[in-house]
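# Reading the structure
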Amino acid sequence: MHAVTLFCIVYMVALVSCHTSQPGLFGKRTPHEAYRNKLEKAGLENTRLGKLWIAAADKSLQNPVPVAIPYKETGYFEMNAPEAAGYIFSAKRGDRITVHVNTNPVTGILLFTELWEPRVNEQPKLLAAADTATGNISYEITKEGSYIVRIQPELLQGLAYTITISTTPSLAFPVHKSGDPRIISVWGADRDMGARRHEGIDIQAPRRTPTVAAANGIVTNVSENKLGGKVVFLRPAGKNYTLYYAHLDQQLVRSGQSVQVGDTIGLVGNTGNAKNTVPHLHFGIYTMDGAVDPLPFINPKREEPKEVRADTSYLTRYARLKANTVLQMQVPGVKTSQTNLPKGSLVKIQGAADQLYKVQLPDSTIGFIAGASITSDPLDKQRFSQVQPLLNRPDSNAAVKMPLPAGNTITLLGTYKDYYFVEWQDTQGWIRKGGNGQ
């Protein structure tokens, strides 16, 4: 790129970045939308870098990488190669998705972090966007399904990041910890010799252990019935469902009463049809469509993401495979499709998760490989007896970067199909195999 042209782009990007950081500028637009709009107004969407930035944003939503949460990845966005990272995963109703992004440098560069819901034959729906100062999102899932997290830095800025995507319960646990409560029966278990299914979960605790409000809200009903015995219904503020506390030994609230998280609702017992069981709380959640599984709403036992153990010094670098290797198209923990890569294959390291590398092949395919499978050592060296065209990509229609003079020794760094990735005098590119090497 011509030096004057590059200077102009850098100058315009700097102006866009400065303006974008002004408080109150976004209005109803997300930070990413506002920044993209300013790129377009500045005419940067017609530049090569601007087009690449917009295309990367769109591609990350169209082809996100499937991962299993909790998930933790360390990566790096290069300054002159506009990129975005998209991650797709499953979540249950009642989960609270949390996204934390740590960056280096910590400040001075805009990073856009968003949560999306993919939709069939439609554009994904934006659910949440992080403040660019924190990069963090907390969002309660209201429908079981797939979700996408996208992160992308502003143009012409290099940025190291570590992203963690995990879940927490969206409600507090409904039995006081003093009773050392434990879940003894889950959603869908047989009841009455299979005649019906359990529409809730049972939490065992000593008799008269306090049961507590799992959310701020209003007590809508305090009554007694044949199945539940002494029961309390609580409507959480701003929610479209009702919490159900059953088999209480005693109710300690009244209908219409406002409660806060942790307030005592009643005491654990075994009233109703639980008179022949151990004392426990039957906890249920009811919507307009019926009962839903309450476990994701309150389950405090969540896996911690695995720490990154792969060598992060490889990030953004090219490497080759030391042996035939399996490329997993999804991170382990997700239903996996895979492909076999031959020894010597060239990969670019995009990120590191656990003991794996997230890599990109020359055809832009992204997947995961074992961290121990790569090396940065050259594949071989060859002397070519004829001039070789050095290509910018492994394709017969690729542009020629320069001719490589005959009689020179060229370092072979890796392979892809019928091409070598090579280096000569600090210049890298692709040459076709079988080019009269000696």
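In this report, we go over the structure that sits alongside the text. What you see is a predicted model; the values in this text were computed from it and never measured.

## Structural notes on the overall build of the protein
Within the protein, the secondary structure is distributed over four helices and 34 strands. Split into buried and exposed, the 438 residues of the protein put 46% on the buried side. Relative to all contacts within the protein whose residues are 6 or more apart in sequence, the contacts with residues 24 or more apart total 64%. Working note: accessible area of the protein is about 21,800 Å², and carbon and sulfur atoms make up 49% of it.

## A closer look at the pattern of salt bridges
Under the definition given, this model contains 16 salt bridges. Note that Asp249 and Arg208 form a salt bridge whose closest N and O atoms lie 2.7 Å from each other. One end of the pair, Asp249, is in strand β17 (residues 242-251); the other, Arg208, is in the loop between β13 (201-204) and β14 (210-212), and 41 residues separate them in sequence. Exposure remark for Arg208: the relative accessible area of 42% places this residue in the partly exposed category. For Arg393, the salt bridge identified is with Asp395, shortest N-O distance 3.9 Å. You can call Arg393 partly exposed: its relative accessible area is 37%. By relative accessible area, Asp395 is classed as partly exposed at 27%. In this structure, a network of salt bridges that share partners links the residues Arg36, Glu40 and Asp58.

## Structural notes on the nonpolar core
Among the nonpolar cores identified, the biggest contains 29 residues, and Tyr87, Ile151 and Ile163 are the most heavily contacted of them. When residues of this core are traced back to their parent elements, those giving at least two are β2 (71-77), β3 (85-91), β4 (95-104), β5 (111-119), β6 (122-129), β8 (145-153) and β9 (159-169). Excluding residues within four positions of it along the chain, Ile151 makes contact with Phe77, Ala84, Ala85, Tyr87, Val101, Leu111, Phe112, Thr113, Tyr161 and Ile163. Within the second largest apolar cluster, 25 residues are counted, among which are Ala213, Val253, Ile285 and Phe297.

## Observations regarding the packing of aromatic side chains
Overall, the coordinates contain 12 aromatic pairs when judged by the stated rule. Taken together, a centroid distance of 4.8 Å and an interplanar angle of 35 degrees make the contact between Phe233 and Tyr244 tilted. Placement of Phe233 in strand β16 (residues 229-236) and of Tyr244 in strand β17 is noted, with a sequence separation of 11 residues between them. Overall, the relative accessible area of 8% leaves Tyr244 in the buried class. One aromatic cluster is present, formed by Tyr35, Trp53 and Phe112 through successive ring pairs.

## Some words on the sheet that holds β6
What the five strands build is an open sheet, ordered β1-β3-β8-β5-β6; its pairing is mixed. The open sheet has two free edges, formed respectively by β1 (65-66) and β6, since each of these has just one partner strand. Relative to β3, β1 is paired through two bridges, and the arrangement is parallel. In the strand pairing of β3, Pro66 is matched with Ile88. On top of the sheet, helix α2 (residues 31-41) reaches β5, β6 and β8; it is set at about 110 degrees to β5, its chief contact. Contacting β3, β5, β6 and β8, helix α3 (residues 48-62) crosses the sheet at an angle of about 160 degrees to β8.

## Digging into the pairing of strand β33 (residues 419-424)
Put simply, side chains in a regular strand alternate between the two faces of the sheet. Among the six residues of β33, five are classified as buried, and the element is accordingly described as predominantly covered. Bridge analysis of strand β32 (residues 409-416) against β33 gives five bridges, and the strand direction is antiparallel. Counted as the bridge partner of Tyr416 is Tyr419 from β33. The turn linking β32 back onto β33 is made up of two residues, and Lys417 within it adopts a positive phi angle of 55 degrees. As paired elements, β33 and strand β34 (residues 427-432) share six bridges and run antiparallel to each other. Within β34, the residue paired with Trp424 across the bridge is Thr427.

## Some details on α3
Over its 15 residues, α3 runs 21 Å from end to end, which matches the ideal 21 Å to within 8%, given 1.5 Å per residue. Turning to α3, its buried residues number three or more, namely Leu49, Gly50, Trp53, Ile54, Ala56, Ala57, Ser60 and Leu61. Down the axis of α3, the smallest arc covering the buried residues is 155 degrees, so these residues share one side. Projecting away from the buried face of α3 at angles above 90 degrees are the exposed residues Arg48 and Gln62.

## Concerning the packing of α2 against α3
At their nearest, the axes of α2 and α3 sit 11 Å apart, and the two run at 150 degrees to each other. With respect to each other, α2 and α3 are oriented roughly antiparallel. α3 is crossed by α2, and the crossing has left-handed handedness. For the pair formed by α2 and α3, the contact residues are His32, Tyr35, Arg36 and Leu39 on the first element and Trp53, Ile54, Ala57 and Asp58 on the second.

## Some details on the environment of Gly158
Relative to the elements of secondary structure, Gly158 occurs in the loop between β8 and β9. In this structure, the C-alpha to C-alpha distance between Gly158 and Pro105, residues 53 residues apart in sequence, is 8.9 Å. When neighbours within four sequence positions are excluded, Gly158 is seen to be in contact with Tyr76, Phe77, Glu78, Met79, Pro105 and Ile109.

## Considerations on the side chain of Ser345
Following the sequence through the fold, Ser345 ends up in the loop between β24 (338-341) and β25 (346-353). Look at Ser345 and you get buried, because its relative accessible area is 7%. Within the structure, the side chain of Ser345 is placed 2.7 Å from the backbone oxygen of Pro342, a separation counted as a polar contact. Aside from chain neighbours lying at most four places away, what touches Ser345 is Ala319, Arg320, Leu321 and Thr415.

Each value, and the rule that gives it
- Residues numbered from 1 in each chain as written.
- Predicted model: local features only at pLDDT ≥ 70, side-chain atom pairs only at ≥ 80, totals over all residues.
- Heavy atoms only, no water.
- Helix = DSSP H or I, 4+ residues; strand = E, 2+ residues; numbered from the N terminus.
- Buried < 20%, exposed > 50% of the residue type's maximum accessible area, 1.4 Å probe, protein only.
- Contact = heavy atoms within 4.5 Å.
- Areas by Shrake-Rupley, 256 points an atom, 1.4 Å probe, with all protein chains shown as cover.
- Salt bridge = Lys/Arg side-chain N within 4 Å of Asp/Glu carboxyl O.
- Core = buried A, V, L, I, M, F, W, Y, C linked by side-chain atoms within 4.5 Å.
- Phe/Tyr/Trp six-rings, centres within 6.5 Å; stacked < 30°, edge-to-face > 60°.
- Pairing = 2+ DSSP bridges.
- Axes fitted to C-alpha atoms, helices over the stretch in contact; angles between N-to-C directions.
- Expected span 1.5 Å × (residues − 1).
- Arc of directions from axis to C-beta.
- Parallel < 35°, antiparallel > 145°, perpendicular 65-115°, else oblique.
- Left-handed = near helix turned anticlockwise from the far one by under 90°.
- Polar contact = N/O pair within 3.5 Å; in protein donor to acceptor, adjacent residues only side chain to side chain.

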